[in-house]
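Survey of secondary and tertiary structure
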Amino acid sequence: MPYSCIIIDDEPDAVEILTDYIQQMPELKLTNSYVDPVVAMAEINQSSGVDFIFMDIDMPRISGIDLSKSIRDKCNRLVFTTAHTKYAFEAFEVEADAYLLKPFTFAKFALTVNKLIKVVIAPTAKQAAQKHFYVKTTEERNRFVRVYIPDIIAVESVKNYIKIYTTTDEIVTYLTLKEIKEKLNETANFIQVHRSFIISTDHIEKIEGSLVKLPKEMLIPIGTFFKDAFFEYLNKHTIKTGRMN
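We now turn to the structure provided with this report. (Residues numbered from 1 in each chain as written. Predicted model: local features only at pLDDT ≥ 70, side-chain atom pairs only at ≥ 80, totals over all residues. Heavy atoms only, no water.)

**Side note on the pattern of salt bridges**
Oppositely charged side chains are able to pair whenever their charged atoms sit close together. The tally for this structure, following the rule as stated, stands at 7 salt bridges. We note a salt bridge from D97 to R72, for which the minimum N-O separation is 2.9 Å. Residue D97 is found in the loop between α4 (88–93) and β5 (98–101), and its partner R72 is found in the loop between α3 (64–71) and β4 (75–82); the two are separated by 25 residues along the sequence. Overall, the relative accessible area of 31% leaves D97 in the partly exposed class. Linked by salt bridges that have partners in common, D9, D56 and K102 make up one network. (Salt bridge = Lys/Arg side-chain N within 4 Å of Asp/Glu carboxyl O. Helix = DSSP H or I, 4+ residues; strand = E, 2+ residues; numbered from the N terminus. Buried < 20%, exposed > 50% of the residue type's maximum accessible area, 1.4 Å probe, protein only.)

In structure tokens form, the structure reads like this:
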């Protein structure tokens, strides 16, 4: 099956060029194109999703950057097509997969697409399938760090920031525990055990009374408010014998 594509660009000539490029690649199939970003936002949010979105940034009424925040979870690969280099940093912040600077050739377009489809694309996968995200660190202005979700051991709330403990690092970022929890809740592998701690169930080594032992000699207390949910999880994942004692 070819990968489904949508074009969003307020310039009809740009839409025509991209349409031609997509039609030249048998791996791709154009399912829709829009010159009005507001209409695109409404219709895409009502759809089941798409593999690729090729989108301009500098558009009337709503920019491609703002639009992407609304529809990012509806596409597997987001590619910005723009005549301006000044948006590169903002494109990075919204997790764009590629940035094509107009005017670009078919060769450049094809090379970019082929790099992206080398990674297996799950059909209309949402962010839940995503294996990483980025956070801005407190160490240096405009410094972002990629965090691999499977590597996260625990997240701790400390005053007005959080610490993300991974198998290789400790990352400090100005987020709240609630904000990071919303991201981690997209997977089934994290559980809050204390008002200050979210832990990865994949990295639990041992439970002793009201303490959870994690790698790096981390001992996390199970808070009273979170005990029922945690022990429900534990009970669900414990193999029990049917023999009489």
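**Some remarks on the sheet that holds strand β3 (residues 50–55)**
Read across the open sheet, the 5 strands follow the order β2-β1-β3-β4-β5; overall the sheet is parallel. Lying at the two open borders of the sheet, with one neighbouring strand each, are β2 (28–34) and β5. Strand-to-strand twist of the sheet, defined as the mean angle between neighbouring strand axes without regard to direction, takes the value 20°. Summarising the sheet, β3 and β4 pair through 5 bridges and their orientation is parallel. (Pairing = 2+ DSSP bridges. Axes fitted to C-alpha atoms, helices over the stretch in contact; angles between N-to-C directions.)

**A few points about the packing of helix α2 (residues 37–45) against α3**
As a packed pair, α2 and α3 sit with axes 10 Å apart at the nearest point and diverge in direction by 10°. As summarised for this structure, α2 and α3 are arranged roughly parallel, according to the angle between their axes. Across the interface between the two elements, P37, M41, I44 and N45 of α2 pack against L67, S70 and I71 of α3. Here the residues of the contact of α2 with α3 are counted per class, giving 5 nonpolar, 2 polar and no charged. (Parallel < 35°, antiparallel > 145°, perpendicular 65-115°, else oblique. Contact = heavy atoms within 4.5 Å. Nonpolar A, V, L, I, M, F, W, Y, C, P; charged D, E, K, R; others polar.)

**Remarks on unusual backbone geometry**
Cis geometry marks the peptide bond from K102 to P103, where omega comes out at -10°. Looking at the secondary structure, you find P103 in the loop between β5 and α5 (106–117). With a phi close to 55°, K159 is a non-glycine residue in the positive phi region. Notably, K216 is not glycine yet its phi reads approximately 65°, a positive angle. Relative to the helices and strands, K216 is located in the loop between β14 (211–214) and β15 (218–221). Residue K216 is classed as partly exposed on the basis of its relative accessible area, which comes to 46%.

**Notes on the environment of A110**
Within the secondary structure, A110 sits in helix α5. In this structure A110 comes out as buried when scored by relative accessible area, which is 11%.

**A look at the sheet that holds strand β12 (residues 197–200)**
Taken in spatial order, the 5 strands of this open sheet run β10-β9-β8-β12-β11, and their pairing is antiparallel. Two strands bound the open sheet, and with one partner strand each, they are β10 (170–173) and β11 (190–194). Averaged over neighbouring strand pairs, the angle between their axes works out to 20° when direction is ignored.

**Here's the deal with the packing of aromatic side chains**
The full count for this structure, using the stated rule, is 11 aromatic pairs. A ring pair is formed by F225 and F226, whose centres lie 5.2 Å apart and whose planes are at 85°; its orientation type is edge-to-face. Its relative accessible area of 15% is what places F226 among the buried residues. Judged by centre distance (6.2 Å) and plane angle (40°), the ring pair of F230 and Y233 falls under tilted. Separated by 3 residues within a single helix, F230 and Y233 lie in helix α7 (residues 227–236), roughly one turn from each other. For Y233, a relative accessible area of 22% puts it in the partly exposed group. (Phe/Tyr/Trp six-rings, centres within 6.5 Å; stacked < 30°, edge-to-face > 60°.)

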